[in-house]
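# Descriptive structure summary
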Amino acid sequence: MQLKAETVLERVTEGDVMGGSKAPSGLAAARPESDPATPAPVVDIKDLSLTYEAADGPVYALSNVNLQIAEGEFVSFIGPSGCGKTTLLRVIADLEQPNGGHIHVNGVSPSEARVRRDYGFIFQAPALYPWRTIQKNVELPLEIFGISKGERRERSRRQLELVNLKGFEKKFPWQLSGGMQQRASIARALSFDPRLLLMDEPFGALDEIVRDHLNEQLLKLWDKTRKTVLFVTHSIPEAVFLSSMIVVMSPRPGRIIDIIDASHLGRERKLEIRETPEFLKIAHRVREGLRAGHSYDD
Ligand SMILES: Nc1ncnc2c1ncn2[C@@H]1O[C@H](COP(=O)(O)OP(=O)(O)OP(=O)(O)O)[C@@H](O)[C@H]1O
Ligand SMILES: [Mg+2]
């Protein structure tokens, strides 16, 4: 499979799919013509579908998904429960195999990207080992990859500092708050310097104040590291606050019903931005998309 180097990130301009349940079938298809100056997308998905074969029949999880993500984007996926957000992230990370369509990650197949250690995955629960200290948890992937002890120490020190956990290296996970544990899991995912950070509702279980704080920290981290982040959330304010691009999905089978450019909000955002008309306009559009896709609103 060859990646078309000329493909470019398509951004649907605001208003394109506003208003009701207008079908998004041409969302990613209406891509601009080739521009050799535009770098190839980090994630390139065409006509992707995935059906789970369950005991009581097939589950159509994803249908006709088209998406391009450029390097350094912060992309949020939002949609109702069961619409296939986790499935999509897992396909990108080579943890699920699609039934149809094409997917390239950094120009290669997801399995090649996984072998190359392109991914850092952060789950809803921090998934830290309780018998290892925070530092030892962060160093775990590096141990598995056979990195020397000195290098491991240096990298874990740097990553823990980046997520503001300096001084907590020798603590065990159960001695830390939920938010701190989640930051430790972010440090662990960053430890081997993956090109892509995949985050599946990482702050879903945290209270709003802690979540706000972590959102601000995550934005700073994104700005410092320049990683490409794919972030699943159920929260509209969280999606708008964090993202340069928001992907709105429909109920099962998951389809993309809107792609919203939020890059004009800038990279450095304070929580107060949530009161601004620009922010509220994007939030409104996300809500409209979710409403339009919801079958019980019919
Ligand atoms: N291993 C599996 N076998 C069968 N069906 C599955 C499997 N994993 C997920 N599904 C089904 O696929 C659909 C999409 O699931 P997925 O976990 O991707 O949804 P989601 O959007 O992440 O939901 P949530 O917001 O609740 O986390 C759901 O109907 C789910 O029941
Ligand atoms: Mg999920």
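Before reading on, note that the structure itself is shown above.
Parameters and conventions
Here the residue index of a chain counts from 1 through its sequence in written order. Starting at A for chains and at 1 for ligands, labels are handed out in the order in which the entities are written. Confidence filtering applies because this is a predicted model: local features only for residues at pLDDT of at least 70, side-chain atom pairs given and counted only at 80 or more, and all residues used for totals across whole chains, interfaces and linings. When buried Ala, Val, Leu, Ile, Met, Phe, Trp, Tyr and Cys residues are joined through C-beta atoms within 7 Å, the set is termed a nonpolar core. Each residue is classified by how many other C-beta atoms fall within 10 Å of its C-beta atom, where C-beta atoms are placed from the backbone; a count of 20 or more means buried, 12 or fewer means exposed, and values in between mean partly exposed. Starting at the N terminus, helices and strands are each numbered in turn, a helix being any DSSP run of H or I of at least four residues and a strand any DSSP run of E of at least two. An automatic or database domain assignment supplies the residue ranges for each domain. We call two residues in contact if the C-beta atoms placed from their backbones are at most 7 Å apart. We call a residue near a molecule or strand when its C-beta atom, built from the backbone, sits within 6 Å of it. Just so you know the grouping, Ala, Val, Leu, Ile, Met, Phe, Trp, Tyr, Cys and Pro go in nonpolar, Asp, Glu, Lys and Arg go in charged, and all remaining residues, Gly too, go in polar. For two strands to count as paired, DSSP must find a minimum of two bridges between them. Axis lines are fitted to C-alpha atoms, over the contacting stretch for helices. Their N-to-C directions set the angle, which ranges from 0 to 180 degrees.

This paragraph deals with the nonpolar core. Considering soluble globular proteins, one finds that nonpolar side chains tend to be buried as a cluster. Within the largest apolar cluster, 70 residues are counted, with the highest numbers of intra-cluster contacts made by Ile-92, Leu-198, Leu-230, Ile-246, Val-247 and Val-286. Per-element accounting of this core gives the leading share, six residues, to helix H5 (residues 178–190). Each of domain 1 (1–118 + 195–298) and domain 2 (125–193) gives at least three residues to this core. Leave out the neighbours within four places in its chain, and Val-286 touches Ile-78, Ile-236, Ala-239, Val-240, Ile-246, Val-248 and Ile-260.

Below, the discussion takes up the site of ligand 1. Around ligand 1, 13 residues are found, and the nearest of them are Tyr-52, Ser-81, Lys-85, Thr-86 and Thr-87. Listed by contribution, the elements that provide at least two residues to the shell around ligand 1 are strand S1 (43–54), strand S2 (57–69) and helix H1 (85–92). In terms of residue count, H1 provides more of the shell around ligand 1 than any other element does, three residues in total. Tallied by class, residues from the shell around ligand 1 come to five nonpolar, six polar and two charged.

Now for the sheet that holds strand S3 (residues 74–78). Strands sit in the order S5-S6-S7-S3-S8-S9 across an open sheet of six strands; the sheet is mixed. The open sheet has two edge strands, strand S5 (119–122) and strand S9 (256–261), and neither has a second partner. Going from strand to strand, the sheet's axes swing by 15 degrees on average, the running direction of each strand aside. Alignment of S5 against strand S6 (residues 196–200), held across four bridges, turns out to be parallel. Looking at S6, one finds that Phe-121 is bridged to Leu-198.

Bringing unusual backbone geometry into the picture now. Outside of glycine, negative phi angles account for most residues, and trans bonds account for most peptide bonds. For the bond running from Arg-252 to Pro-253, omega is -5 degrees, close enough to zero to count as cis. As for its position among the elements, Pro-253 is in the loop between strand S8 (245–249) and S9. Of note, the phi angle at Arg-226 is positive, near 60 degrees, even though the residue is not glycine. Mapped onto the elements, Arg-226 comes out in the loop between helix H6 (208–225) and strand S7 (228–233).

Next up on the list: the sheet that holds S2. The antiparallel open sheet is built from three strands, whose spatial order is S2-S1-S4. This sheet does not close on itself; its edge strands, each paired only once, are S2 and strand S4 (100–105). Taking each pair of neighbouring strands and ignoring which way they run, the sheet shows an average axis angle of 30 degrees. Of the strand pairs in this sheet, S1 and S4 are connected by five bridges, and their pairing is antiparallel. In the strand pairing of S4, Ile-45 is matched with Ile-103.

This part covers helix H3 (residues 134–144). Within the sequence span of H3, burial applies to Ile-134, Gln-135, Asn-137, Val-138 and Glu-139. If you follow the buried residues of H3, they end up packed against helix H4 (149–162) and H5. The first or second residue beyond H3 is Gly-146, which carries a positive phi of 75 degrees.

The next point concerns the environment of Val-42. In this structure, Val-42 sits in the segment before S1. Given 25 C-beta atoms within a 10 Å radius, Val-42 is considered buried. Each C-alpha atom, one on Val-42 and one on His-104, is 7.7 Å from the other, the two residues being 62 residues apart in sequence. Non-local contacts of Val-42, meaning those with residues more than four positions away in its chain, are made with Ile-69, Ala-70, Glu-71, Val-105, Asn-106, Leu-196 and Thr-228.

Geometric descriptors of this kind do not, in isolation, establish any biological role.
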